[in-house]
Amino acid sequence: MIACFTTRRLLIAVAATLLATPASRAADVNEATEKAMKAASAKVAPSVVKIETAGGAEVVGGGKKGPGGPPAIRKGTGPTTGLVVGTDGFIITSAFNFANKPSDIFVTIPGRPQRLVAKIVANDQTRMLTLLKVDAKDLPMPDAFPKAGIDIGQWSLALGRTSDPDADHPPSMSVGIVSATNRIWGKAIQTDAKTSPVNYGGPLVAINGQVYGVIVPASNRAEGETAGVDVYDGGIGFAVPLEDIMGVLPRLKTGQDLKRGLLGINPQGTDAYNASPIIGAIQPDSAAARAGMLVGDKILEVDGKKIPNFSTLQHVLGPKYEGDEITIKLMRGDKEQELKAVKLVGTTTAYVNAFLGLLPMRDDPGPGVEIRYVYPKSPADLAGLKAGDRVMKLAPVAAPALSPIQNRAALLGALQRLSPGTEIKIEVKRKEGDKVETVTAKLVPAPETLPEKLPLPSSAGKAIEGQPKPKGKEPKDKDPFSPGCGSEGEDEPKKDEKKDEKKDDKPKVETGFIKRTNEALGREYWVYIPENYDANKSYGLIVWFHDTTEASKDGAQVGRTFRTVCEDHNFILVGPKAGGKDGWVPSETEIVMQDVKTVLGQYTIDKARVVAHGQGNGGQMAFYVGFNARDVIRGVGTVGAVLGTNPKENVANQPLSFFISGGDKDPTLKDIKESKDLLIERRFPVVYREMKESGKEYFDRVTFDDFVAWLDSLDRV
Amino acid sequence: MMTRYGTLILAAVLAVPFTAMPVRAADPFNELAEKTNQKMVKVFGAGGFSRLNNYGTGIIISPDGHILTVASQLLDTSELVVHLYDGQRLKAQVLAVEPELDAAIIKIRVEGKKIEEPTGLNLAYFDFAEAAKKPLAETGDWVLALTNTFEIALRDEPLSLQRGVVMARTKLAGRRGVFEFPYTGDVYVVDAITNNPGAAGGALINRKGDLLGVIGREIKNSLSDTWMNYAIPVQAKVDIKIKETVKDKEEEKTITVTMPDFVTQGMQGKYRTVTRPKTTVGEGGYHGIVFVPNVLDRTPAYVEDVVPGSPAAKAGFRPDDLVSFVDGEPIASINVFNAWIKKNTRSGQVLRVEVRRGEALQTLELTLGAQPTRPQPTQPAPMPKTP
């Protein structure tokens with residue numbers, strides 16, 4: 001009631017300005033607004049508490065610099081801010097305030113002289129909030145602004161307790177407006193009021209003194225308690241709606257940390273905005289797997305909301321918690337299905353690549369796939385498969401019938417959908433005597449071993465004949481590894497050209513080291529085409545990222561190193577150039593991928609062997625590009641490079657393998673190893689080599705040979 | 001319900017005058033900016049290399065051409081130049097500097113005249129004495145900043161006007177010596193990004209055009225590890241404790257330095273800069289607390305043991321107590337405690353120490369003793385910081 005009267009009195013004051021003379025009106029409106037702002041702050045101030053901590057780390061977050069990585073944040077020693085959400089001593093605040101893991105937390109409530117010892121009750125790990133409890137009673141509760149009434153353009157005041165140590169003074173105030181609602185996947189309100197460690201955990205307040213939400217650092221590009229801190233005071237701040245917080249408060253009070261609710265599916269391509277939401281992969285043991293969703297299902301609706309693309313799906317699922325239940329309507333084949341009460345899970349089990357143990361012959365139009373090599377002691381070896389045999393059909397033992405395997409892409413695709421431990425039946429046409437037999441094998445997790453010596457040739461040399469007929473009815477996107485280029489429309493005339501060249505029996509393709517300029521951007525890059533280039537063989541593509549800090553291999557030098565590799569194992573090299581001297585920046589990914597796609601369109605490229613390779617900070621960029629151009633990159637090979645960002649998940653339909661090496665004298669070896677461990681933890685196939693007596697040098701001979709073996713076995717199954 | 005209604009009506013009321021009035025009248029800052037701009041100068045001096053700017057801003061405080069600005073490296077030159085609002089380029093000379101206020105007075109020097117002589121100029125100016133008599137601005141007050149931020153203005157180009165509110169009125173330093181910054185008094189923290197290169201010496205004014213303060217430098221606040229946007233109030237006042245030797249006896253004395261005194265005397269060329277001795281208070285009293293091994297950057301100040309018979313023993317400290325606050329100052333770590341004691345205390349001083357014992361805070365009164373001649377068990381050296 002008191003609040004109501006205050007508002008009423010204020011209204012009278014403001015209304016009075018209408019009666020003033022026109023000339024002074026503007027000033028009077030400013031005066032009235034200024035007063036209203038102070039009154040709003042004063043109304044919430046008793047619920048805005050000061051939080052102090054002891055102990056904890058000096059620097060939090062990041063630690064590893066790199067493209068796209070969260071920067072390390074030096075945590076200030078000053079007090080931080082919290083908001084009362086329970087009269088009996090519950091305080092909500094930003095998880096950022098405890099990112100340094102302090103050993104002790106103290107809370108000061110305005111108007112009460114005694115500092116209180118606080119305990120962390122629980123964390124909301126998706127909205128990055130922390131609930132504290134102090135031993136206190138009759139705390140003043142703030143009034144929540146109805147979420148539905150929050151509109152863009154409304155005044156917003158960001159209050160905090162860091163600047164002024166006295167909790168009985170007015171809290172610090174920074175003024176702005178609501179810039180947007182439903183940000184960060186529907187979890188936050190955006191404001192242009194200055195938000196920073198000075199007010200994280202404090203309330204974002206409307207001009208009537210009601211609280212919109214609790215100020216947190218946030219970013220739509222990164223997660224974690226320090227994400228978004230790097231743009232503090234940048235005119236882009238966030239607050240979690242208080243109404244949402246009050247909604248989950250009972251769950252937080254039970255002491256259980258709240259996690260984001262995950263469905264566990266991955267899209268087919270990378271276009272989250274235009275492509276239909278067709279499931280490309282399902283994480284094992286995920287909510288989607290438990291609900292019986294299948295690869296190829298098209299999602300139509302979630303909780304009654306239409307889902308035109310994956311981006312919408314992300315927005316709908318973004319605010320959900322672990323344990324929340326959703327209803328999904330999907331299209332399977334030509335039938336609509338409804339899945340009720342799909343319970344989202346908090347953690348996903350990583351996808352593990354299944355391994356049969358053979359290398360397929362490339363550029364073989366089929367039917368069937370010739371076996372180029374069998375890994376010793378692999379399931380394929382144990383089943384008695386031999387090099388030269390042809391895999392004709394394949395299916396899990398449990399399946400009713402064997403499915404024909406048309407070509408290498410079909411073989412890779414079929415095995416991607418299976419997990420280790422699955423028993424499969426393989427129909428094989430023997431090299432000796434054309435006998436057809438059926439054998440069984442049990443898939444295992446992909447091992448770290450590399451084949452000792454790879455047999456050549458690796459290609460049947462029929463890449464162009466192997467192309468699906470231009471107007472064939474085969475579904476195009478079911479073949480992620482088909483040789484040739486990405487955009488089919490553009491490519492078709494070129495195929496004809498290549499056929500013409502073949503008739504001449506002398507391809508007119510320019511070979512060797514070629515410098516090029518990206519016309520649109522004016523940036524240079526180079527390409528190395530082996531002398532014996534033959535459009536009828538598919539070539540792997542190595543994208544070389546040079547180290548910008550040190551004298552590292554570049555251009556012609558890399559070409560020389562890889563010359564024989566390119567000729568014997570069919571590889572093309574492409575070398576983009578970093579724009580600045582200070583290293584690669586994440587935004588260059590797009591430019592680099594433009595160059596890569598140009599090359600993909602001009603030569604016969606094996607999409608199963610497109611690799612980002614780099615040294616030092618170039619290697620860091622290779623990691624970044626690998627994770628952010630997953631529709632194209634299948635492998636990342638690095639020398640002396642540290643992972644700049646947390647690795648993303650391993651998914652079935654966009655496989656990614658790693659070859660990581662470092663010198664034993666490299667001061668960052670510890671971090672390199674840590675990067676390797678992080679990737680293994682995510683269940684990516686990783687080959688790791690530590691080079692003796694080496695600092696920051698490129699691969700030594702032994703490691704280089706291993707690297708080549710890795711490059712040549714990226715299409716193993 | 002009432003409040004909900006209230007918002008709607010309030011919004012409606014606020015919207016009406018803006019739409020119903022001519023643009024010029026609806027924009028009262030315009031006139032103010034034009035008027036204030038005539039009372040400001042762009043300052044050019046020493047610097048220009050390794051992140052030190054050779055440009056700044058100044059506030060005219062007399063018709064004769066006295067200018068108030070920040071005591072920066074900019075002034076370390078005989079070639080000091082100011083640009084007036086109308087584009088005039090004039091030489092200037094430093095009259096007085098006070099690091100304790102981070103302030104300096106310079107004066108325009110006209111060709112052929114001595115610095116003491118009147119310049120004959122008749123400039124628009126801020127009446128500093130009047131401004132200093134007004135009460136301090138409050139948190140939430142609307143303010144405007146006028147600076148030559150990023151050297152965007154030259155000659156007759158107007159300075160940049162920024163709008164914001166007083167975010168807080170607080171101390172930048174002094175709480176724990178967190179800044180390498182001499183001024184220890186209150187500052188206005190502003191919610192606009194005012195403190196950029198070239199902005200130091202700019203004016204913070206209110207909606208009526210009253211001078212509130214002098215925009216400061218670019219300084220990072222280690223309490224929050226954020227860049228601060230602040231101004232030193234025209235009413236600034238600092239108490240400085242110094243030790244003086246009077247008749248072979250050391251005495252502690254407090255000197256009060258104020259901005260109004262500095263400006264009045266500085267304009268007359270009579271101001272004498274305060275000389276602050278290196279050590280302020282004693283080298284730290286003796287407490288007798290033995291902390292747990294200090295192995296981290298921020299090892300919490302847990303008591304491992306108490307030297308028998310020591311001040312800490314008499315005060316009732318116990319093993320496992322966590323020293324949390326001393327005289328109200330939060331103690332984030334052993335290092336903070338040691339630094340604070342060394343900087344702020346001496347033998348005989350009584351401290352109010354709050355320790356966490358179990359789930360509650362207990363207040364203990366600790367009377368510090370003299371440092372014993374024999375070294376007490378020392379703390380292991382803190383681990384070297386990783387780069």
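Residues numbered from 1 in each chain as written. Chains lettered and ligands numbered in written order. Predicted model: local features only at pLDDT ≥ 70, side-chain atom pairs only at ≥ 80, totals over all residues.

### Regarding the overall build of chain A
Looking only at helices and strands, one finds 14 helices and 36 strands in chain A. Looking at chain A as a whole, 50% of its 717 residues qualify as buried. Taking contacts inside chain A between residues at least 6 apart in sequence as the whole, the part at least 24 apart equals 69%. (Helix = DSSP H or I, 4+ residues; strand = E, 2+ residues; numbered from the N terminus. Buried ≥ 20, exposed ≤ 12 C-beta atoms within 10 Å, placed from the backbone. Contact = placed C-beta atoms within 7 Å.)

### Observations concerning the overall build of chain B
Within chain B, the secondary structure is distributed over 6 helices and 22 strands. Buried residues in chain B amount to 41% of all 387 residues. In chain B, of all internal contacts separated by at least 6 residues, the share reaching a separation of at least 24 is 60%.

### Let's talk about the domain arrangement of chain B
In terms of domain boundaries, chain B breaks down into domain 1 (34–128), domain 2 (130–237) and domain 3 (289–367). Taking only C-alpha atoms, the centre of domain 1 of chain B and the centre of domain 3 of chain B are 49 Å apart. (Domains from an automatic or database assignment.)

### Description of the pairing of strand 10 (residues 172–182) of chain A
Residue and element names in this part refer to chain A. Sheet topology note: the strand 9 (residues 155–160)/strand 10 ladder contains 6 bridges and is antiparallel. Residue pairing across strands places Gly 160 opposite Ser 172, the latter belonging to strand 10. As paired elements, strand 10 and strand 11 (residues 188–191) share 2 bridges and run antiparallel to each other. Note on strand 11: the bridge partner recorded for Ala 180 is Gln 190. (Pairing = 2+ DSSP bridges.)

### Comments concerning the sheet that holds strand 6 (residues 103–109) of chain B
Residues and elements named next belong to chain B. On the basis of which strands lie adjacent, the closed barrel formed by 6 strands has the order 1-2-3-6-5-4 and antiparallel pairing. With direction set aside, neighbouring strand axes in the sheet form an average angle of 40 degrees. Sheet topology places strand 5 (residues 89–98) next to strand 6; 7 bridges connect them, and they run antiparallel. Bridge assignment links Lys 91 to a residue of strand 6, and that residue is Arg 109. Along the sheet, helix 4 (residues 259–267) makes contact with strand 3 (66–70), strand 5 and strand 6, crossing strand 6 at roughly 25 degrees. (Axes fitted to C-alpha atoms, helices over the stretch in contact; angles between N-to-C directions.)

### Comments concerning the nonpolar core
Residues and elements named next belong to chain A. In this structure, Ile 91 and Val 216 are the most contacted members of the largest nonpolar core, which totals 140 residues. For this core, the element with the most residues is helix 2 (residues 22–44), which contributes 6 residues. Look past the residues within four positions of Ile 91 in its chain and what remains in contact with it is Val 49, Gly 82, Leu 83, Val 84, Val 85, Val 107, Ala 118, Leu 132 and Val 134. Within the second largest apolar cluster, 88 residues are counted, among which are Tyr 373, Ile 572, Val 574 and Val 610. (Core = buried A, V, L, I, M, F, W, Y, C linked by C-beta atoms within 7 Å.)

### Topic: the pairing of strand 33 (residues 605–615) of chain A
Residues and elements named next belong to chain A. The buried fraction of strand 33 is high, at 11 of 11 residues. By the bridge criterion, 6 bridges tie strand 31 (residues 539–545) to strand 33 in an arrangement that is parallel. The residue of strand 33 that forms the bridge with Phe 545 is Gly 614. Pairing of strand 33 with strand 34 (residues 635–639) involves 5 bridges; the strand directions are parallel. From the neighbouring strand, Gln 615 faces strand 34, where its bridge partner is Val 639. Handedness of the strand 33-helix 12 (residues 617–628)-strand 34 crossover: right-handed. (Right-handed = clockwise from strand over helix to strand, strands pointing away.)

### Observations concerning the sheet that holds strand 21 (residues 350–357) of chain B
Residues and elements named next belong to chain B. As summarised here, the arrangement of the 4 strands in space is 20-19-21-22, forming an open sheet in which the pairing is antiparallel. Bordering the open sheet on either side are strand 20 (329–330) and strand 22 (360–367), each of which pairs with just one other strand. Note that strand 19 (residues 322–326) and strand 20 share 2 bridges and pair antiparallel. Its bridge partner lying in strand 20, Val 326 is registered against Glu 329.

### Observations concerning unusual backbone geometry
Residues and elements named next belong to chain A. With phi around 50 degrees, Ile 184 is a residue other than glycine that occupies positive phi space. Counting through the fold element by element, Ile 184 comes out in helix 3 (residues 183–186). Overall, Ile 184 belongs to the buried group, with 22 C-beta atoms counted inside 10 Å.

### A word on helix 6 (residues 334–344) of chain B
All names here are of chain B. Listing the buried residues of helix 6 in full gives Ile 334, Val 336, Phe 337, Ile 341 and Asn 344. End-on view of helix 6: buried residues confined to an arc of 160 degrees, all on one side of the axis. As for helix 6, its buried residues are in contact with strand 17 (289–291) and strand 19. (Arc of directions from axis to C-beta.)

### Details of the confidence of the model for chain B
Residues and elements named next belong to chain B. Taken residue by residue, chain B gives an average pLDDT of 83. The fraction at 70 or more is 83%. Note on residues 174–179: pLDDT is under 50 here. Beyond four places in sequence and across chains, it has 13 contacts. Note on the complex model: pTM 0.71, ipTM 0.77. (pLDDT = per-residue confidence, 0-100.)

### Comments concerning the environment of Leu643(A)
Residues and elements named next belong to chain A. Inspection of the secondary structure puts Leu 643 in the loop between strand 34 and strand 35 (657–663). Here Leu 643 falls in the buried class, since 26 other C-beta atoms lie within 10 Å of it. In sequence terms Leu 643 and Ser 675 are 32 residues apart; their C-alpha atoms lie 5.4 Å from each other.

### Digging into the environment of Ala33(B)
Residues and elements named next belong to chain B. If you trace the backbone, Ala 33 turns up in helix 2 (residues 28–37). Judged by the 18 C-beta atoms lying within 10 Å of it, Ala 33 is partly exposed. Taking the C-alpha atoms as reference points, Ala 33 and Thr 258, 225 residues apart in sequence, are found 28 Å from one another.

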